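# Results of the structural survey
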Amino acid sequence: QQQVKQSPQSLIVQKGGISIINCAYENTAFDYFPWYQQFPGKGPALLIAIRPDVSEKKEGRFTISFNKSAKQFSLHIMDSQPGDSATYFCAASRPGTASKLTFGTGTRLQVTL
Amino acid sequence: EPEVTQTPSHQVTQMGQEVILRCVPISNHLYFYWYRQILGQKVEFLVSFYNNEISEKSEIFDDQFSVERPDGSNFTLKIRSTKLEDSAMYFCASSRDLPPTEAFFGQGTRLTVV
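What counts as what
- Residues numbered from 1 in each chain as written.
- Chains lettered and ligands numbered in written order.
- Predicted model: local features only at pLDDT ≥ 70, side-chain atom pairs only at ≥ 80, totals over all residues.
- Heavy atoms only, no water.
- Helix = DSSP H or I, 4+ residues; strand = E, 2+ residues; numbered from the N terminus.
- Rg over C-alpha atoms; globule rule 2.2 N^0.38 Å.
- Buried < 20%, exposed > 50% of the residue type's maximum accessible area, 1.4 Å probe, protein only.
- Contact = heavy atoms within 4.5 Å.
- Areas by Shrake-Rupley, 256 points an atom, 1.4 Å probe, with all protein chains shown as cover.
- Lys, Arg positive; Asp, Glu negative; His and termini not counted.
- Charge placed at Lys NZ, Arg CZ, Asp CG, Glu CD.
- Patch = residues over 30% accessible without salt bridge, like charges linked within 9 Å, V, L, I, M, F, W, Y side chains within 5 Å.
- Salt bridge = Lys/Arg side-chain N within 4 Å of Asp/Glu carboxyl O.
- Buried area = accessible area lost by both parts, 1.4 Å probe.
- Polar contact = N/O pair within 3.5 Å; in protein donor to acceptor, adjacent residues only side chain to side chain.

## Describing the overall build of chain B
For chain B, the count of helices and strands is zero helices and eleven strands. In sequence order, chain B lays out its α and β elements as β-β-β-β-β-β-β-β-β-β-β. For 114 residues, the compact-globule formula gives about 13 Å, and the C-alpha radius of gyration of chain B, at 13 Å, lands near that figure. Along the three orthogonal principal directions, the C-alpha set of chain B runs to about 35 × 25 × 25 Å. For chain B, with 114 residues in total, the buried portion stands at 46%. Once local pairs closer than 6 in sequence are excluded, the contacts in chain B between residues at least 24 apart make up 54%. Of the accessible surface of chain B, which amounts to about 5700 Å², a share of 46% is contributed by carbon and sulfur atoms. Each charge sign in chain B was given a centre, from 10 positive and 15 negative side chains, and these centres are 3 Å apart.

Right, here's the structure in full:
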């Protein structure tokens, strides 16, 4: 019940295209859903995050869509760029758990020219 | 820009030895964490630390592991009697407050047990 399932495992998108990564969770107690971006040899860095009281959050080219009833959330990267090539992790945490993040399995995104 | 720093970046140790991984969290942060990432797998929570004590730990964090904040700046993870399966990237993270504030991750320490 603590798992966060992420798909696809890998994704190849052409420059300028839309990258979409999906996550699903089971634990309805989760109330914080961040997305992390990780470049090789680096630690995960927060990209964007959402709480379940909103259905969408947009920051620049990055948008989180959240479907509370389906217990799903997704990351959309508009106008994908080669510099976006990285591994993306969705995550979730429960209230009062001091950032004990449960991570998804990761999606390796490659944006081609 | 403030950042979480970890040392060493790579540690090789023999099976059965003890290792200490070091972290300097961001100075005004109050919550500290260790995560690990086995090569090619997801990032897994190990332990969270607040007010000089463990606030939560995962099933991975057994008696082999311990954490300490020996002074006002360092946060350490000690792994006793290392095993081959302890080989992983270990990330330290810190946050100023509970979620939804951001958890900042260090660049990681790659531990290789041979």
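## Section: a nonpolar patch on the surface
Among the surface-exposed residues, I18, I20 and M78 of chain A lie close enough to one another that they form a single nonpolar patch of about 240 Å² accessible area. Relative to the helices and strands, I18 of chain A resides in the loop between β2 (10-14) and β3 (19-25).

## Some words on the environment of S95 of chain B
Checked against the element boundaries, S95 of chain B lands in strand β9 (residues 88-95). C-alpha separation for the pair S95 of chain B and G40 of chain B, spaced 55 residues apart in sequence, amounts to 25 Å.

## Notes on the interface of chain B and chain A
In many reports, interface size means the accessible area that the parts give up when they come together. Counting residues at the interface gives 22 residues for chain B and 21 residues for chain A. Contact between chain B and chain A buries roughly 1800 Å² in total, counting both sides, with carbon and sulfur atoms accounting for 60%. For the pair chain B and chain A, the number of links is two salt bridges. Here E56 of chain B makes a salt bridge to K100 of chain A, at a shortest N to O gap of 3.3 Å. Where chain B touches chain A, the interface holds five residue pairs in polar contact (both at pLDDT 80 or more). Put simply, the parts of the chain that give the side of chain B that touches chain A at least two residues each are β4 (31-37), β5 (43-50), β6 (53-57), β9 and β10 (103-105) of chain B. For the side of chain B that touches chain A, the element with the most residues is β4 of chain B, which contributes four residues.

Treat this as a map of the structure, not an account of what it does.
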